[in-house]
Amino acid sequence: MSSLSTVFDPFEDDGITQPWTSPGSVAQRPPRLLLTLLGDYWWQRTEPLPSAAIVALLAEFGVSDSAARAALSRLTRNGLLVTSRGGRRTYVQLSDRAADILDDGARRIFSFGGRPSPWDGMWSLVAFSIPEEHRSARDELRKALRWLGFAPLYDGLWVSPRDHADEVIGRLADLGISTATAFRATALPLPGGRPVGAAAAPDISARAWDLSGLQERYDAFNTFAGLLRDQTESGRISIADALVARTRVMDEWRAFPALDPDLPDELLPATWPRGTARELFVACYDLLGPIATRRVRQVIARFSPELADRAAYHNSALVMSDAV
């Protein structure tokens, strides 16, 4: 059974009633936060930004200058940022590789939780046996399988109700793994005469995924996002808080594709909170877009007024807008 991280508490820290004023765990990962901000407000732009502006944006989330510059260095070493010099200033921009990663991630994040397609009763399975000396390849395969919505049913046997055979086969080839097999199958009767196929499916989903823990996490997210939506709709959020809140709600939402395999309705409890969570995420993200962008422009303008107005936002449908 896959495990969930600690359930998000919308009233963490000091019990404040406006949790969006705290950046939450996103501030603990400055490299990821940096890429999130570029993906949200500098998406598909090629102009380099002053590194000092990036540092100042991260400071909005309580990230220290040293941690921000360390994040810049790390992402540059990893080939996700490209640096250049202009006078005494250092500028940074996304590499082509990073832009592709952000594009792929955006499509997955913003499509997640949409209306599921009907289930054909077939399972995708991946069986593998990878020796300890190739642990890194095994770990990378497990990460890839989770990203595709698989979960371990037994040791070395991962399962998904969706047809991801092509993606899995491609990933196995990329990792040079030959001791693995991907296939599609239906569930056979269990001892005692249990039925075949879809009727046996809830047993499989309950064993492979921690559905009760996942539901708790959805419920906590819905509490947080519901409060945030109401406050935003009533105009009671500042532009600085809007930037933090929009980034935080994105960070909380994008965890779900790795935890929730987007199971078809046939495999879920009768009342499942994913649909409500998606509606609240979309509402918060779209409502906060123009407000948060104003703050981004203010920060960039301190270092490069000519670039500030180029900061823009996209909505949950990945439609760009520069109206703030």
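Refer to the structure presented above.
Some points on the overall build of the chain
Link 1 in the chain: On a plain count of helices and strands, the chain comes out with 12 helices and nine strands.
Link 2 in the chain: Buried positions account for 49% of the 324 residues belonging to the chain.
Link 3 in the chain: Across the chain, every contact between residues at least 6 apart in sequence was considered, and the portion connecting residues at least 24 apart equals 75%.

Regarding the sheet that holds strand S7 (residues 180-185)
Link 1 in the chain: Overall, antiparallel pairing links the four strands, which are arranged S5-S6-S4-S7 in an open sheet. The open sheet has two edge strands, strand S5 (151-154) and S7, and neither has a second partner. Within this sheet the neighbouring strands show an average axis-to-axis angle of 30 degrees, counted without direction.
Link 2 in the chain: As judged from the six bridges shared by strand S4 (residues 123-128) and S7, these two strands associate in the antiparallel manner. Across the sheet, residue Trp 123 finds its bridge partner in S7, namely Ala 185.

Structural notes on the nonpolar core
Link 1 in the chain: Among the nonpolar cores identified, the biggest contains 78 residues, and Trp 123, Leu 228 and Trp 253 are the most heavily contacted of them.
Link 2 in the chain: Looking at which element gives the most residues to this core, the answer is helix H11 (residues 274-301), with 11 residues.
Link 3 in the chain: Formed by 13 residues, the second largest nonpolar core is a distinct cluster that contains Ile 130, Leu 141, Leu 145 and Leu 148.

Quick look at the pattern of salt bridges
Link 1 in the chain: Taken as a whole and judged by the stated rule, the model has 16 salt bridges.
Link 2 in the chain: The salt bridge partner of Asp 120 is Arg 184, with a shortest N-O separation of 2.9 Å. Placement of the pair is Asp 120 in the loop between helix H4 (96-111) and S4 and Arg 184 in strand S7, with a sequence separation of 64 residues.
Link 3 in the chain: Asp 120 sits in the exposed class, given a relative accessible area of 52%.
Link 4 in the chain: Judged by relative accessible area, which is 26%, Arg 184 ranks as partly exposed.
Link 5 in the chain: As a salt-bridge pair, Glu 132 and Arg 138 come within 3.2 Å of each other at their nearest N and O atoms.

With respect to the packing of helix H1 (residues 30-41) against helix H9 (residues 239-253)
Link 1 in the chain: Closest axis-to-axis distance for the H1/H9 pair is 11 Å, and the angle between their directions is 105 degrees. Looking at the two axes, H1 sits roughly perpendicular to H9. From H1, Arg 32, Leu 33, Thr 36, Leu 37, Asp 40 and Tyr 41 reach across to H9, where they touch Leu 243, Arg 246, Thr 247, Met 250 and Asp 251.

Some remarks on the environment of Arg 107
Link 1 in the chain: For Arg 107, the position within the fold is in helix H4.
Link 2 in the chain: Expressed as a C-alpha distance, the spacing of Arg 107 and Ala 317, which sit 210 residues apart in the sequence, is 9.0 Å.

Notes on the packing of aromatic side chains
Link 1 in the chain: The full count for this structure, using the stated rule, is 12 aromatic pairs.
Link 2 in the chain: On the numbers, 5.3 Å between centres and 75 degrees between planes, the contact of Trp 119 with Trp 123 is edge-to-face.
Link 3 in the chain: Residue classification places Trp 119 among the buried residues on the basis of a relative accessible area of 11%.
Link 4 in the chain: Ring pairs connect the aromatic residues Phe 110, Phe 112, Tyr 218, Phe 221, Phe 224, Trp 253, Phe 256, Trp 272, Phe 281 and Tyr 285, which therefore count as one cluster.
Link 5 in the chain: Stacked on the ring of Phe 224, the Lys or Arg Arg 248 has its end atom at 5.4 Å from the ring centre.

What to know about the environment of Ala 151
Link 1 in the chain: Tracing the backbone through its elements, the reader meets Ala 151 in strand S5.
Link 2 in the chain: By relative accessible area, Ala 151 is classed as buried at 0%.
Link 3 in the chain: Placed 108 residues apart in sequence, Ala 151 and Leu 259 show a C-alpha to C-alpha distance of 9.1 Å.
Link 4 in the chain: Among all residues touching Ala 151, those that are not within four sequence positions of it are Leu 157, Trp 158, Val 159, Ala 208 and Trp 209.

What to know about the sheet that holds strand S1 (residues 49-50)
Link 1 in the chain: With antiparallel pairing, three strands are arranged side by side in an open sheet as S1-S3-S2. Each edge of the open sheet carries a strand with a single partner, namely S1 and strand S2 (81-86).
Link 2 in the chain: As paired strands, S2 and strand S3 (residues 89-94) are joined by six bridges and run antiparallel to one another. Among the inter-strand pairings, Ser 84 is bridged to a residue of S3, identified as Tyr 91.

So, the pairing of S3
Link 1 in the chain: Alignment of S1 against S3, held across two bridges, turns out to be antiparallel. Bridging across to S3, Pro 50 finds its partner in Tyr 91.
Link 2 in the chain: Joining the antiparallel neighbours S2 and S3 is a turn of two residues, in which Gly 87 adopts a positive phi near 65 degrees.

About the criteria used
- Residues numbered from 1 in each chain as written.
- Predicted model: local features only at pLDDT ≥ 70, side-chain atom pairs only at ≥ 80, totals over all residues.
- Heavy atoms only, no water.
- Helix = DSSP H or I, 4+ residues; strand = E, 2+ residues; numbered from the N terminus.
- Buried < 20%, exposed > 50% of the residue type's maximum accessible area, 1.4 Å probe, protein only.
- Contact = heavy atoms within 4.5 Å.
- Pairing = 2+ DSSP bridges.
- Axes fitted to C-alpha atoms, helices over the stretch in contact; angles between N-to-C directions.
- Core = buried A, V, L, I, M, F, W, Y, C linked by side-chain atoms within 4.5 Å.
- Salt bridge = Lys/Arg side-chain N within 4 Å of Asp/Glu carboxyl O.
- Parallel < 35°, antiparallel > 145°, perpendicular 65-115°, else oblique.
- Phe/Tyr/Trp six-rings, centres within 6.5 Å; stacked < 30°, edge-to-face > 60°.
- Lys NZ or Arg CZ within 6 Å of the ring centre and 35° of its normal.

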